[in-house]
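Spelled out from the first residue to the last, the chains are:
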Amino acid sequence: MSKRIFNAFGFFNAFSNNYSTKVKHPVSRSQVLGKSLKYPNENRKPRIPSPKLKPLPKPTGRVVRRAKKEVNISNRKLFKQIEPPQEVLKEILALNLAKPRKYKIGRYDTKVAAIGKKKLEQRLSNVEFEKDEHLEFPHLSFFAGAKVATSFPTEKVPEIAFVGRSNVGKSSLINTLADTTVVKTSDKPGLTQQINFFAAGNIFNLIDMPGYGFAYAKEEERLRWKELIETYISTRKTLKRIFIIVDARHGIKLEDKKFLSMLDQKEVEFQIVLTKCDMVISPELARRYTLVKEQLKIYRNVVEKPLMVSAKKNSGILKLRNIILAMVGGLERAREVANRKKAFMFTGVGLPKKPLRGIDGFPRKPLPMRQKGPSYYFDLRKNFKNSGKQMNKRKKLNRNTTLRKYVGM
Ligand SMILES: Nc1nc2c(ncn2[C@@H]2O[C@H](COP(=O)(O)OP(=O)(O)OP(=O)(O)O)[C@@H](O)[C@H]2O)c(=O)[nH]1
Ligand SMILES: [Mg+2]
């Protein structure tokens, strides 16, 4: 019996440190008083419990929860503890960057969402925010693709490169930036498999790189891309800046860190751009921005603050555009063209429908408006239309091509 009681005490002491709400008191009263569980009717001499065995105070749920929090704190919880800065929230709101919150209360959705936005606007009304100037970007055209370092084009004009993990949105960002669709994009990682050179007028080049990290391509192929990127970065003299594109949902990953360390070694300046911001709600985005800013403190070659953009919603693009134009010395020309375009919007005169590209890639000064009225080509088209019935198919086709040549259809 003494052995059993000894065991029971040991058990009790073990539990007294690690208490849980749901576990009952492990030692029954009968055990403490010396009654056998096997033979409950057997009367034994009751033992006086030692003063150490006083019943413990009942643990509350709060105590248990606090103890757990201190032990297992996940990265996600740490991330949630970051206080979103007011000026960042204001910027996100002003640029319409983030994803709108979803409210699951039926038909009152939009109303409640609007109230939420209004409240946020009120709270941030006294926070200062600098607006970006609207500038025109020169015409973008593909002129070279390099799979090996020997096929890099000659170094003539300043170059700006876009690098990042696969499928992060590098190609989409270049498209939105230049307001075109010349760069191919895909939702499958690994579409861009060579270094693509795009000429922005004859002022500067934009470089679309293959991604690093996971992609639908062979391991050796990906290693080759990585080497190609590194060669480009270390040998190119005209390279002005590298924009590291980071997914705003995931932040800086291990591959990014390795790449940034490599840039630090090679003394190349870089700036971070958080993209796909339209897929994150505003407090999360503000937290992500703060965290990224903090993580960048260890790198020497990082320049300026990270940028937040959404290629899909075309928000936050102006700032990136202005930084690039300022770097390559195209700011004045871009401002002039933008002003001309603005004047056209007000008066309706000054610009032709299809922009005519000048030597610098910006739309050139429009030609004088043509006089309205029946022209030679107009009459030509009319004649063809009427006489079409009598013609055979081949003749008709031939005439149509001639017509197209004249009219420019
Ligand atoms: N919602 C949203 N989707 C985006 C944004 N930018 C890119 N995407 C999408 O992300 C996918 C990948 O875009 P890409 O531009 O091809 O990505 P990439 O970095 O060039 O990819 P690789 O060439 O394979 O390295 C496409 O499906 C895009 O539509 C964005 O700002 N918002
Ligand atoms: Mg791409």
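Note that the structure is a prediction, hence the values are computed from the model and not measured.

Peer 1: How should the overall build of the chain be read in this particular structure?
Peer 2: Along its length, the chain carries 14 helices and seven strands. In the chain, buried positions account for 25% of the 409 residues. Looking at the chain alone, contacts between residues at least 24 apart form 72% of all its contacts between residues at least 6 apart.

Peer 1: Looking at this structure, I do not really get the sheet that holds strand E5 (residues 239–247). What am I missing?
Peer 2: Within a beta sheet, neighbouring strands are joined by backbone hydrogen bonds and run either parallel or antiparallel to one another. An order of E1-E3-E4-E2-E5-E6-E7 is seen for the seven strands of this open sheet, with the pairing classed as mixed. Across the chains shown, the open sheet's two edge strands, defined by having one partner strand only, are strand E1 (140–146) and strand E7 (307–308). Lying on the sheet, helix H10 (residues 282–295) is in contact with E5, strand E6 (270–275) and E7; it crosses E6 at an angle near 160°.

Peer 1: What am I meant to see in unusual backbone geometry here?
Peer 2: Excluding glycine, residues mostly carry a negative phi; peptide bonds, for their part, are mostly trans. Phi at Asn96 takes a positive value of approximately 55°, unusual for a residue other than glycine. Here Asn96 is to be found in the loop between helix H5 (86–95) and helix H6 (109–123).

Peer 1: I would appreciate a short explanation of the site of ligand 1 in the present structure.
Peer 2: Taken together, 25 residues surround ligand 1, and among them Gly169, Ser172, Asp187, Thr192 and Gly211 come closest. Of the residues forming the shell around ligand 1, the biggest block, three residues, is contributed by helix H7 (residues 170–178). Considering only residue class, the shell around ligand 1 consists of seven nonpolar, 13 polar and five charged.

Peer 1: Sorry, what's going on with the UniProt feature "domain: EngB-type G" (unreviewed entry) in the chain here?
Peer 2: Here the UniProt feature "domain: EngB-type G" (unreviewed entry) sits at residues 156–330. The span residues 156–330 is 37% helical and 19% strand by assignment, and the distance between its end C-alpha atoms comes to 16 Å.

Criteria and thresholds
- Each chain has its residues counted from 1, following the order in which its sequence is written.
- Going through the entries in the order they are written, you letter the chains from A and number the ligands from 1.
- Note on the predicted model: pLDDT of at least 70 is required for a residue's local features to be given, and 80 or more for side-chain atom pairs to be given and counted; whole-chain, interface and lining totals, by contrast, use all residues.
- Secondary structure is summarised from DSSP: a helix means a run of H or I of at least four residues, a strand means a run of E of at least two, and numbering begins at the N terminus for each.
- In this scheme every C-beta is placed from the backbone, and a residue whose C-beta has 20 or more other C-beta atoms within 10 Å is buried, one with 12 or fewer is exposed, and one in between is partly exposed.
- Here the contact rule is simple: place C-beta atoms from the backbone, and any two residues whose C-beta atoms are within 7 Å are in contact.
- One bridge is not enough; two strands pair if DSSP finds at least two bridges between them.
- Under this scheme, a helix contributes an axis fitted over its contacting stretch, all axes are lines through C-alpha atoms, and angles between N-to-C directions fall in the 0 to 180 degree range.
- Should the C-beta atom of a residue, placed from the backbone, lie within 6 Å of a molecule or strand, that residue is near it.
- Under the convention adopted here, Pro, Cys and the residues Ala, Val, Leu, Ile, Met, Phe, Trp and Tyr are nonpolar, Asp, Glu, Lys and Arg are charged, and Gly plus all remaining residues are polar.
- UniProt positions are given in the numbering used here, feature names are shortened, and annotations may be inferred rather than shown by experiment.

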